[in-house]
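Close look at the chain arrangement
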Amino acid sequence: MYVIGTSGHIDHGKTTLILALTGIDCDRLPEEKERQMTIDIGFASMEVPGFGEVSVIDVPGHERFIRNMVAGAWGVDLGLLVIAADDGWMPQTEDHFRVLELLGVERIVAVISKTDLADADTIEIVDHDVRERLAGTAYEGADVVRVSAKTGEGIEALKRAITGNLAKLSRVPDNDKPFLYIDRVFASRGYGTVVTGTLKNGSVAENDQVYIQPGGLAGRIKRIESHHSALAQGSPSSRTALNLSGVAAQELRRGQVLYRQKFFTETAEILCRVRLLAKDREIKNNAEIEVLIGTAGEKGRLIRFSDSGDRSPFTARIKFRRVWYSFPGQPFVIASPGGFRIIGGGMVLLPDYDPKLRDRMKTGLSLFRSCSAEELAAFIIFTRQWIKKQELYGMLAQSKERIDAMLSSLSGGGAVRIIGEHIIAGDAYNNAMGAIVRTVKDHQGLNAREVSDNAGIDDEVCRLMMPLVQESHPVAAREGRYFWGEGRADEGLSEGKRNILEEALKAGGGGIDIGKTPKESTKRDVRELISLGLLVSLDGTIAYHSSVYEDFRKRIMGLFETREKISISDAKQITGLSRKYLIPLLNRIERDGLVRRLGDFRIKVK
Ligand SMILES: Nc1nc2c(ncn2[C@@H]2O[C@H](COP(=O)(O)OP(=O)(O)O)[C@@H](O)[C@H]2O)c(=O)[nH]1
Ligand SMILES: [Mg+2]
């Protein structure tokens, strides 16, 4: 489902246009009737062929009601930017247009309204002006439709443009993490507490347990309505009314966010990307601002993060007066305190600004090109250096599957390493590896905890990395304590051992067969070389030089780039080994935990 929303200067005919499109008068408040002016957001819906019932939101154009305008415009999929033919593009048209862009509204249709009040030449000039203003923005080339709500001229053409533009929208994301910013609260006689809002990012069902912040409230969904029909399930991107049990209407208000599973971070300070509307909307460092996000608004101070000069966009911290809730990638609008003037807007990069990570953040900013979800994930992992998968799932608005896909793409590019349930930034992994190796070298016989303390690395990460350290370095483990071996292959080994290594290297895939060696001392040397990690034992008797083993292992694991599972003959082809060596080699790779058997095939262990 999709949500359409109007925007534009006051008196340009937005509310009248919605009446003409839907038959619904959105100016429902007595004060709105009296002053003939939209003060609060209004709601309607229309049947669009092929799309069913589409929600329509009307917003106030008056600059005094910016908060309400943003509360209506967030979550809109298709914007109708209304420009009166007799008045042209006005300051509020410009502001609203920029707000749509800042909030990431995907498409717009520009509507030249009140064509009955202007002559053909004037309409032509306005049309030309509108197209020119759209050029070079996210909405370049948007449809421009001329209508008169009074005569009905152009209304059918507008309906067709709406259908055409809805068809071009990308699919509404369903990340199974639904949320709804509350815009209205009722205490209904028959039902109890009812909240309304635009449902995004997932579906909700009857009986779902939901949480509401700020306030730390929890409730259960008793009944779901959309456009006055009861539904068993609420779908994303539609106006939704939720009848809740377990929360009283008095505890609820516009600006609270309702969600099912946690991915909003409670925060008093964020790191964000800020874009100013225009040069004259400069924000002084440390200035008081008001941040409008969803239907919420909160005051705070904006502090420039890096010396980006006067250029916009720039990176900044926002310190809020009170804690509130956000997620990476969430768009917002910045207004002057009191919400009288729109200054700019931006996007949350990190919902929990931590001064200790300042240097990592600074360096990590270079990861951003388009501020995609994947870049945001990479940035979080980079600044934290490591994070548990579970924590990342609870921080991002994407589904677990999407996050896993992003992680595998990031790990494919080397930006992150995934070890079990941990995700480690690529550079942090290398540094940790270096620190562990230095520590083990300098202090013989430390246990894992002591290694992590000495290396200054998280205990759990260190424990996870030890087997990987051992794989690539001569580190032996005895009874939970780590020992640096006699050195690398080229250092300090006895002549006998060096000869064995040389022989093993020359033998390549033939390896060396301990069973064929009569000499006890050679057998002992081989066993020691194995414990140093310089030789790799395939089975009881065959051992490979570690670099030979590495080479075969890489070739075999490389097969998984083009297939899900590999057969013996696949492995045979890529290694050129006979079964005699190939089977023990595959068994060794299996013991290393990289593959497992599935019938006659080997599949990759994730
Ligand atoms: N002549 C004419 N007047 C219109 C038209 N559309 C709206 N109006 C009038 O313009 C005024 C403002 O309209 P309204 O819909 O409240 O504008 P909004 O502030 O953008 O919502 C009202 O008096 C409307 O009757 C139109 O197409 N033709
Ligand atoms: Mg209006």
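Placed above this text is the structure.
Residues numbered from 1 in each chain as written. Chains lettered and ligands numbered in written order. Predicted model: local features only at pLDDT ≥ 70, side-chain atom pairs only at ≥ 80, totals over all residues. Heavy atoms only, no water.

**As for the overall build of the chain**
Here is the rule: Under the scheme used here, helices are H or I runs from DSSP no shorter than 4 residues and strands are E runs no shorter than 2 residues, and both carry numbers assigned from the N terminus. With C-alpha atoms as the basis for the radius of gyration, the globule rule is written as 2.2 Å multiplied by the number of residues raised to the power 0.38. Only protein chains enter the area calculation, which uses a 1.4 Å probe; residues under 20% of their type maximum are buried, those over 50% are exposed, and those in between are partly exposed. Contacts: residue pairs with any heavy atoms within 4.5 Å of one another.
The secondary structure content of the chain amounts to 18 helices and 33 strands. Taken over C-alpha atoms, the radius of gyration comes to 32 Å for the chain, far larger than the 25 Å a tight globule of 606 residues would show. Projected onto its principal axes, the C-alpha coordinates of the chain cover approximately 105 × 55 × 50 Å. Out of the 606 residues in the chain, the part that is buried amounts to 53%. For the chain, restricting intrachain contacts to residue pairs at least 6 apart in sequence, the fraction spanning at least 24 positions comes to 65%.

**Examining a negative patch on the surface**
Let me state the cut-off plainly: Only residues whose relative accessible area exceeds 30% and that form no salt bridge are eligible for patches; like-charged ones are grouped when within 9 Å, while nonpolar side chains (Val, Leu, Ile, Met, Phe, Trp, Tyr) are grouped when within 5 Å. To measure how exposed things are, a 1.4 Å probe is used in the Shrake-Rupley method; for residues, cover is taken only from the protein chains shown. For salt bridges, the criterion is a side-chain nitrogen of Lys or Arg within 4 Å of an Asp or Glu carboxyl oxygen. Counting rule applied: Lys, Arg positive; Asp, Glu negative; His and chain ends not counted. Taken as the charge location is NZ of Lys, CZ of Arg, CG of Asp or CD of Glu.
A cluster of acidic residues, Asp 11, Asp 86, Asp 87, Asp 116 and Glu 153, forms a negative patch on the protein surface. With respect to the helices and strands, the residue Asp 11 is situated in the loop between β1 (3-8) and α1 (14-22). Here Asp 11 falls in the exposed class, since its relative accessible area comes to 55%.

**Some words on the site of ligand 1**
Stated formally: Near residues are defined by distance, with any heavy atom within 4 Å of the molecule or strand qualifying the residue. Within 3.5 Å is the distance limit for a polar contact, defined as a pair of N or O atoms, with the added protein rule that one can donate a hydrogen and the other accept it, and that residues adjacent in sequence qualify only through two side-chain atoms.
As a structural note, the neighbourhood of ligand 1 is formed by 15 residues, with Asp 11, Lys 14, Thr 15, Thr 16 and Asp 116 the closest of them. Between ligand 1 and the protein, one listed contact pairs an oxygen atom with a backbone N or O atom of Lys 14 at 2.8 Å. Alone, ligand 1 offers 570 Å² of accessible surface; in the complex the protein occludes 78% of this.

**A short note on the packing of α1 against helix α6 (residues 155-168)**
Condition: Axis definition: a line fitted to C-alpha atoms, limited for helices to the stretch in contact. Angles are taken between N-to-C directions and run from 0 to 180 degrees. Just so you know how the angles are binned, under 35 degrees is roughly parallel, over 145 roughly antiparallel, 65 to 115 roughly perpendicular, and the rest oblique. Under this grouping Gly is polar, as are all residues other than the nonpolar Ala, Val, Leu, Ile, Met, Phe, Trp, Tyr, Cys and Pro and the charged Asp, Glu, Lys and Arg.
As a packed pair, α1 and α6 sit with axes 10 Å apart at the nearest point and diverge in direction by 85°. One way to sum up the angle between α1 and α6 is to call them roughly perpendicular. Contact residues: Leu 17, Ala 20 and Leu 21 in α1; Ile 155, Leu 158, Lys 159 and Ile 162 in α6. Tallied by class, the residues present in the contact of α1 with α6 amount to six nonpolar, no polar and one charged.

**Brief notes about the coordination of the magnesium ion (ligand 2)**
Rule in force here: Counted as coordinating are nitrogen, oxygen and sulfur atoms within 2.8 Å of the metal, or 3.2 Å for Na, K and Ca, while water is not included, which may make sites look incomplete.
Protein-derived ligands of the magnesium ion (ligand 2) are Thr 15 (OG1) and Thr 38 (OG1), with the metal-ligand distances lying across 1.9 to 2.0 Å. With Thr 15 in helix α1 and Thr 38 in the loop between α2 (30-35) and β2 (42-48), this pair connects stretches of sequence that are 23 residues apart. Like Thr 38, Thr 15 is buried.

**What to know about the side chain of Thr 137**
With respect to the helices and strands, Thr 137 occurs in the loop between α5 (120-134) and β6 (144-146). In this structure the side chain of Thr 137 is engaged in a polar contact, spanning 3.0 Å, whose partner is the backbone nitrogen of Tyr 139.

**Focus on the pattern of salt bridges**
According to the stated counting rule, one finds 36 salt bridges in the structure shown. Of the charged contacts in the structure, one is a salt bridge between Arg 133 and Glu 94, with a shortest N-O distance of 3.9 Å. Here Arg 133, found in helix α5, pairs with Glu 94, found in helix α4 (residues 91-102); they are 39 residues apart in sequence, far enough to count as distant. By relative accessible area, Glu 94 is classed as partly exposed at 24%. For Glu 269, the salt bridge is made with Arg 317, and the minimal N-O distance between the two is 2.7 Å. Taken together, the residues Glu 269 in strand β16 (residues 265-276) and Arg 317 in strand β19 (residues 314-326) connect sequence positions 48 residues apart. As far as burial versus exposure is concerned, Glu 269 and Arg 317 are alike and both buried.

**Concerning the environment of Tyr 353**
Along the chain, the position of Tyr 353 falls in the loop between β21 (342-350) and α7 (358-364). Spatially, the C-alpha atom of Tyr 353 lies 8.8 Å from that of Ile 318, the residues being 35 residues apart in sequence. The contacts of Tyr 353, once residues within four sequence positions are left out, are Glu 269, Ile 270, Leu 271, Phe 305, Arg 317, Arg 358 and Met 361. Reaching out from Tyr 353, the side chain makes a polar contact with the side chain of Arg 358 at a distance of 3.5 Å.

**Focus: the environment of Ile 530**
Within the fold, Ile 530 resides in helix α15 (residues 520-531). According to the relative accessible area criterion, Ile 530 is partly exposed, its value standing at 29%. Considered as a pair, Ile 530 and His 545 are 15 residues apart in the sequence and their alpha carbons are 9.2 Å apart.

**Observations regarding the packing of aromatic side chains**
The condition is simple: When two rings of Phe, Tyr or Trp (its six-membered ring) have centres within 6.5 Å they constitute a pair, described as stacked for plane angles under 30 degrees, edge-to-face for angles over 60, and tilted for the intermediate range. By definition, being over a ring means that NZ of Lys or CZ of Arg is both within 6 Å of the ring centre and within 35 degrees of the ring normal.
As enumerated under the stated definition, the model contains 19 aromatic pairs in all. Both rings, one in Phe 179 and one in Phe 263, keep their centres 5.8 Å apart while their planes meet at 65°; by these two values the pair is edge-to-face. Residue Phe 179 is located in strand β7 (residues 179-188), and its partner Phe 263 is located in the loop between β15 (257-259) and β16; the two are separated by 84 residues in the primary sequence. Classification of Phe 263 by relative accessible area gives buried; the value is 0%. For the ring pair Phe 320 and Trp 324, a centre distance of 4.6 Å and an interplane angle of 55° mean the geometry is tilted. Summarising the burial analysis for this pair, Phe 320 and Trp 324 share the class buried. Of the aromatic side chains, those joined through ring pairs into one cluster are Trp 74, Phe 179, Tyr 181, Tyr 211, Tyr 259, Phe 263, Phe 264 and Phe 327. The aromatic ring of Tyr 429 is capped on one face by Arg 417, whose charged end is 3.8 Å from the ring centroid.

**Examining the layout of surface pockets**
What counts here: Buried and open spaces are told apart on a 1 Å grid over the protein atoms alone, a cavity being a set of points where a 1.4 Å probe fits but cannot get out and a pocket being an open set with protein on both sides within 12 Å along at least five of seven lines. Residues with an atom within 4 Å of a point are the lining residues. Grid points are joined across faces, edges and corners, and a volume is the space filled by probe spheres set on the points.
Put simply, the largest pocket is a space of about 1,700 Å³. As for the largest pocket, its lining consists of 36 residues, and the residues nearest its centre are Ile 418, Met 557, Leu 594, Lys 604 and Val 605. Those elements that place two or more of their residues in the lining of the largest pocket are α10 (400-412), β23 (416-419), α11 (426-442), α13 (459-472), α16 (546-558) and β33 (601-604). Approximately 1,200 Å³ is the volume found for the second largest pocket.

**Digging into the sheet that holds strand β4 (residues 78-84)**
One key point about sheets: their strands pair by backbone hydrogen bonds, in either a parallel or an antiparallel sense. Formally: Two strands pair if DSSP finds at least two bridges between them.
Taken in spatial order, the six strands line up as β2-β3-β1-β4-β5-β6 in an open sheet, and their pairing is mixed. The sheet is open, and its two borders are formed by β2 and β6, each paired with just one other strand. The mean inter-strand angle of the sheet, taken between neighbouring strand axes irrespective of direction, is 25°. Inspection of the sheet shows strand β5 (residues 107-113) paired to β6 by three bridges, in the parallel sense. By the bridge assignment, Ala 110 is partnered in β6 with Val 144. Of the strands in this sheet, β1, β2, β3 (52-58), β4 and β5 are in contact with α1, which crosses β3 at around 165°. Of the strands in this sheet, β4, β5 and β6 are in contact with α5, which crosses β6 at around 160°.

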